[in-house]
Amino acid sequence: SQQGEEDPQALSIQEGENATMNCSYKTSINNLQWYRQNSGRGLVHLILIRSNEREKHSGRLRVTLDTSKKSSSLLITASRAADTASYFCAADPGYGANSKLTFGKGITLSVRP
Amino acid sequence: EAQVTQNPRYLITVTGKKLTVTCSQNMNHEYMSWYRQDPGLGLRQIYYSMNVEVTDKGDVPEGYKVSRKEKRNFPLILESPSPNQTSLYFCASGFRDRVNQPQHFGDGTRLSIL
């Protein structure tokens, strides 16, 4: 079953606006990762937040993590048309016998010029 | 340049004709994994490998085989492909003996099984 579930499934905004995407997961994690996928291409790692962190910034990206609610959010500020892509969260349980990232189904972000 | 390379990028073939999708990484990663991506289903893991000669089933392993004879290579084998294996496939690699490390993805292989 999918560990990460993103919300909303699709988001359309105007260039310059902020985009907020949410992710929920089911079990304990070591970290939560966000990836971006341009159409027809592979996933590119954006940002990783550890389970003991609550907020992290990277350029125009801001990610938060609430382990009590098992949820994370990704905020893209001052969006650009080039941010149009699919975004995935991935829950990482950490190294172990059954260690694997489990991805959500993704959020399709469209940024209108 | 650090990368994960998949071949072929596109393949159209027929039911029952064995095929292999190769995956190679040049980052000395222990961990390698195969995913398939289907509309509405997201990314689902097929098989993964924690190191050479160590492989494990993911969520959807039926109809697939893998091998890990060398650290850099992790081929995906479809012994008798069927139309329901038509999908977009991704190989990924990463360090698993170091916590908090992201995975690196190849550009994908689009398989069409007729």
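Up top is the structure.
Quick summary incoming for the structure in this document. Every residue gets a number counted from 1 within its own chain, in the order that chain's sequence is written. Here chains are named by letter from A upward and ligands by number from 1 upward, in the order in which they appear as written. Confidence filtering applies because this is a predicted model: local features only for residues at pLDDT of at least 70, side-chain atom pairs given and counted only at 80 or more, and all residues used for totals across whole chains, interfaces and linings. Side-chain metrics rest on all non-hydrogen atoms present in the structure, leaving aside hydrogens and water.

1. Points about the sheet that holds strand β7 (residues 61–66) of chain A
Two strands in a sheet stick together by hydrogen bonds in their backbones, pointing the same way (parallel) or opposite ways (antiparallel). Residues and elements named next belong to chain A. Just so we agree on the cut-off: Pairs of strands are assigned from DSSP output, requiring at least two bridges between the strands. Only DSSP runs of H or I covering at least 4 residues are called helices, and only runs of E covering at least 2 are called strands; the numbering of each starts at the N terminus. Note on geometry: axes are C-alpha line fits, over the in-contact stretch for helices, and angles between N-to-C directions span 0 to 180 degrees.
The antiparallel open sheet is built from five strands, whose spatial order is β1-β3-β8-β7-β6. One side of each edge strand has no neighbouring strand; the edge strands of this open sheet are β1 (5–7) and β6 (55–58). Along the sheet, successive strands turn relative to each other by an average axial angle of 20°, direction set aside.

2. Remarks on the pairing of β6(A)
Residues and elements named next belong to chain A. One ladder, built from four bridges, connects β6 with β7; its direction is antiparallel. Considered in β7, the bridge of E55 is made with T64. Hairpin connection of β6 to β7: two residues between the antiparallel strands, including G59 at a positive phi of 60°.

3. Description of the interface of chain A and chain B
To keep things clear, this is the line we draw: Contacts are residue-level and defined by heavy atoms, with any inter-residue pair within 4.5 Å sufficient. When two components associate, each loses some accessible surface as probed by a 1.4 Å sphere; the sum of these losses over both components is called the buried area. Every case where a carboxyl oxygen of Asp or Glu lies within 4 Å of a side-chain nitrogen of Lys or Arg is listed as a salt bridge. Asp, Glu, Lys and Arg are counted as charged, while Ala, Val, Leu, Ile, Met, Phe, Trp, Tyr, Cys and Pro are counted as nonpolar; the rest, among them Gly, fall into the polar class.
Each partner contributes to the interface: chain A provides 26 residues, whereas chain B provides 26 residues. Approximately 2100 Å² of surface area, both sides summed, lies buried where chain A meets chain B, with 46% of it carried by carbon and sulfur atoms. In this structure, the connection of chain A to chain B is made through one salt bridge. Residue B:D107 pairs with A:R41 through a salt bridge whose shortest N-O separation is 3.2 Å. Sorting the residues of the side of chain A that touches chain B by element identifies β4 (31–37), β5 (43–50) and β9 (85–92) of chain A as the ones contributing at least two each. A class-by-class count of the residues in the side of chain A that touches chain B yields eight nonpolar, 13 polar and five charged.

4. As for the pairing of β5(A)
Here seven bridges tie β4(A) to β5(A), and the two strands are oriented antiparallel to one another. The partner of A:Q37 across the bridge, within β5(A), is A:L43.

5. Here we look at the environment of A:H57
All names here are of chain A. Our working definition: In the analysis that follows, any N or O atom pair within 3.5 Å is treated as a polar contact, provided that within protein one partner can donate a hydrogen and the other can accept it, and provided that, for residues neighboring in sequence, both atoms belong to side chains.
Structurally, the position occupied by H57 is in strand β6. Put simply, H57 and N30 are 27 residues apart on the chain and 18 Å apart in space, counted from C-alpha to C-alpha. In contact with H57, not counting residues within four places along its chain, are I47 and R62. There is a polar contact of 2.7 Å between the side chain of H57 and the side chain of E55.

6. Remarks on the environment of B:S67
Residues and elements named next belong to chain B. Where we set the bar: For every residue, the accessible area obtained with a 1.4 Å probe (protein chains only) is divided by the maximum for its type, and the residue is called buried under 20%, exposed over 50%, and partly exposed between those limits.
Looking at where S67 falls in the secondary structure, it is placed in the loop between β7 (65–66) and β8 (76–78). Given the relative accessible area of 18%, S67 is considered buried. Each C-alpha atom of the pair S67 and T55 lies 7.2 Å from the other, and the pair is 12 residues apart in sequence. Beyond its immediate stretch of four places on either side in the chain, S67 contacts N73, F74 and P75.

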